[in-house]
Amino acid sequence: MTKKYIYTSYKEAIKDLKDDSSIMIGGFGVQGGQPTNLMLALRDLNLSNLTLIGNVAGISMVTGYGWKESDKDKIIDQSIFFKDKQVKKIICSFPIPSSRNTLSEIEKAWINEEAEIEIIPQGTLAEKIRAGGSGIPAFYTKTGVGTIVEKEKESKIINGEKFLLEYALNADVSLIKAFISDEKGNLIYKGTSRAFNPIMATASKLTIVEVDKIVSSKDIDPERIGTPGIYVDRIVTKNNELS
Amino acid sequence: MSYPKKLNKEDIAFRASLELPSDSYVNLGIGMPSLCAKYLQKEKNITFQAENGILGFNEISKEDEQDENLIDAGGQFLVKAPGMSFFDSAESFGMIRGNHLDMTVLGALQVSEKGDLANWMIKDRGIGSIGGAMDLVVGAKEVIVTMDHVTKENKPKILKECDFPLTGINCVNKIITDIAVIIVEDQGLILTEIAEGWSTEQVQSLTEPKLIVSNKLIRYITK
């Protein structure tokens, strides 16, 4: 849809999301690039039976990982959805800190059998999402050969080497974060905030992006666009500079 | 058996830093491996990659100047530098799996004599974090492991077979520990360096598979 919906309220932007949805959460799992305000609004919507797709998940709130010293009192990560049992399953690459001193809400939910965790190698996860967004139903990769990841997967010898068949991953909704959007949904990212955002933008039926500001397309350089607006449905910001 | 003093983390990091090839692209794992960067010889012209989507960083940011959008995969905030580039996770792992990295340095829980690596899950915990490790071990041209030689309970971490879940098979090229440097070859594990005061028998007694002592065995290189 070329029509983009622009919101100044995170709550309004996600209010029609439903129980039982699959939701991709962008970023790497650190402060920069995480759609933190959309996540907080989603938590407050108090849905149930969600399937979340993230990368590093639930590490920051127990270790401070990836958050600036000056923001250590504001840390939010994907474990906020586990406290009130909103999640049925999370698919991610890094849900458990190496230290066992403090259990994350995700590990607690797993121990109490309240939520399922599917752990996927990070590169395979990224490629599954990229494939999902670009019409590739499956692909072969060497990652995970000879490990637990291989279990119950088809494999194939190509040029004398073994590869595993991995399937594409799509979701109902992607919540992502970018720096700037124009009114057409063209997105500009900053530094290392890209991570899973550009690929998750492509892989869901509904992509909602949280941005620092919206400016007119006349004021942004097309050479700098990281995600073309075709992938974006809703834009939400507290800083709408469109006149 | 009583043993001489072991080397420390800094010694391991220094020794691993000597492995980084000149003019190479390198990914350093979280923890001890990332300490390597501290000892880097500038003239080697090494470019670091972090799997969250950055190439070309070298300096860690001061605490009061941290930028949330300039960070490595281990969570260290970085200083912007000329020559840096940023990319998304699909491109980052395409780079990794596509054999474009010359080396990765990773931590380990266990390594087998065939060079199998286990570094993502302690068996009895039943759950762990794979992160980018499985992609790095199949994609990087060379895999260096840095770790303590034994567990806190004094059990060998270099084993005939790993009993923790594997990260990759036949993937480790060299093991740098707090008492020895060991190369993984087809014929077995070759002991090439040994810490000051240690005998080959003492190192062997803390290593499950039989070590082949190199005829060029030298003292472990330290600062």
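Draft legend 1. Up close: helix α3 (residues 89-97) of chain B. Of all nine residues in α3(B), seven are buried; the element is thus mostly enclosed. What α3(B) keeps buried is the set B:Ser89, B:Ala90, B:Ser92, B:Phe93, B:Met95, B:Ile96 and B:Arg97. Buried residues along α3(B) sit in contact with α5 (122-133), β6 (138-141) and α6 (197-200) of chain A together with β2 (47-50) and α4 (133-139) of chain B. In the segment just after α3(B), B:Asn99 is the residue with positive phi, at about 65 degrees.

Draft legend 2. Representation of unusual backbone geometry. Here the phi dihedral of A:Glu113 falls at roughly 55 degrees; this positive angle occurs in a residue that is not glycine. Mapping A:Glu113 onto the fold places it in the loop between α4 (105-111) and β5 (116-119). Judged by the 7 C-beta atoms lying within 10 Å of it, A:Glu113 falls in the exposed class. Its identity as a non-glycine residue notwithstanding, B:Asn99 has a phi of 65 degrees, on the positive side. Among the secondary structure elements, B:Asn99 is positioned in the loop between α3 and β5 (103-107).

Draft legend 3. Representation of the nonpolar core within the structure. A:Leu38, A:Leu175, B:Leu117, B:Val145 and B:Ala180 are the most contacted members of the largest nonpolar core, which totals 128 residues. At six residues, strand β9 (residues 171-181) of chain A tops the list of elements feeding residues into this core. Non-local contacts of A:Leu175, meaning those with residues more than four positions away in its chain, are made with A:Ile23, A:Ile25, A:Gly26, A:Pro35, A:Leu38, A:Met39, A:Leu42 and A:Ile208.

Draft legend 4. Structural context of the sheet that holds β6(A). All names here are of chain A. Pairing in this open sheet of three strands is antiparallel, and the strands run β6-β8-β7 from one edge to the other. Each end of this open sheet is capped by a strand with a single partner; those strands are β6 and β7 (155-158). Sheet twist, expressed as the mean angle between neighbouring strand axes with direction ignored, is 35 degrees. Where β7 meets strand β8 (residues 161-167), four bridges bridge the pair, whose relative direction is antiparallel. Looking at β8, one finds that Ile157 is bridged to Lys162.

Draft legend 5. A look at the interface of chain A and chain B. Contacts between the two partners involve 40 residues from chain A, matched on the other side by 35 residues from chain B. Among the elements of the structure, α4, β5, α5 and α6 of chain A are those that each provide at least two residues to the side of chain A that touches chain B. With five residues, α5(A) is the largest single contributor of residues to the side of chain A that touches chain B. A class-by-class count of the residues in the side of chain A that touches chain B yields 18 nonpolar, 14 polar and eight charged.

Draft legend 6. Structural detail: the sheet that holds β5(B). Residue and element names in this part refer to chain B. Ordered in space as β4-β3-β2-β1-β5-β8-β10-β11-β12-β13, the 10 strands form an open sheet in which the pairing is mixed. Looking at which strands have only one partner, the edges of the open sheet turn out to be β4 (85-86) and β13 (211-219). Where strand β8 (residues 143-146) and strand β10 (residues 174-176) come together, three bridges link them in parallel fashion. Looking at the pairing, Ile144 lines up with Lys174 of β10.

Draft legend 7. Up close: the packing of α5(A) against α3(B). At a minimum axis distance of 9 Å, the contact between α5(A) and α3(B) shows a crossing angle of 125 degrees. Taken together, the axes of α5(A) and α3(B) are oblique relative to one another. Taken as a pair, α5(A) and α3(B) cross one another with a handedness that is left-handed. Listed contacts from α3(B) to A:Gln122, A:Gly123, A:Ala126, A:Glu127 and A:Arg130 of α5(A) are B:Ser89, B:Ala90, B:Phe93, B:Ile96 and B:Arg97. The residue makeup of the contact of α5(A) with α3(B), split by class, is four nonpolar, three polar and three charged.

Conventions adopted
- Residues numbered from 1 in each chain as written.
- Chains lettered and ligands numbered in written order.
- Predicted model: local features only at pLDDT ≥ 70, side-chain atom pairs only at ≥ 80, totals over all residues.
- Buried ≥ 20, exposed ≤ 12 C-beta atoms within 10 Å, placed from the backbone.
- Helix = DSSP H or I, 4+ residues; strand = E, 2+ residues; numbered from the N terminus.
- Contact = placed C-beta atoms within 7 Å.
- Core = buried A, V, L, I, M, F, W, Y, C linked by C-beta atoms within 7 Å.
- Pairing = 2+ DSSP bridges.
- Axes fitted to C-alpha atoms, helices over the stretch in contact; angles between N-to-C directions.
- Nonpolar A, V, L, I, M, F, W, Y, C, P; charged D, E, K, R; others polar.
- Parallel < 35°, antiparallel > 145°, perpendicular 65-115°, else oblique.
- Left-handed = near helix turned anticlockwise from the far one by under 90°.

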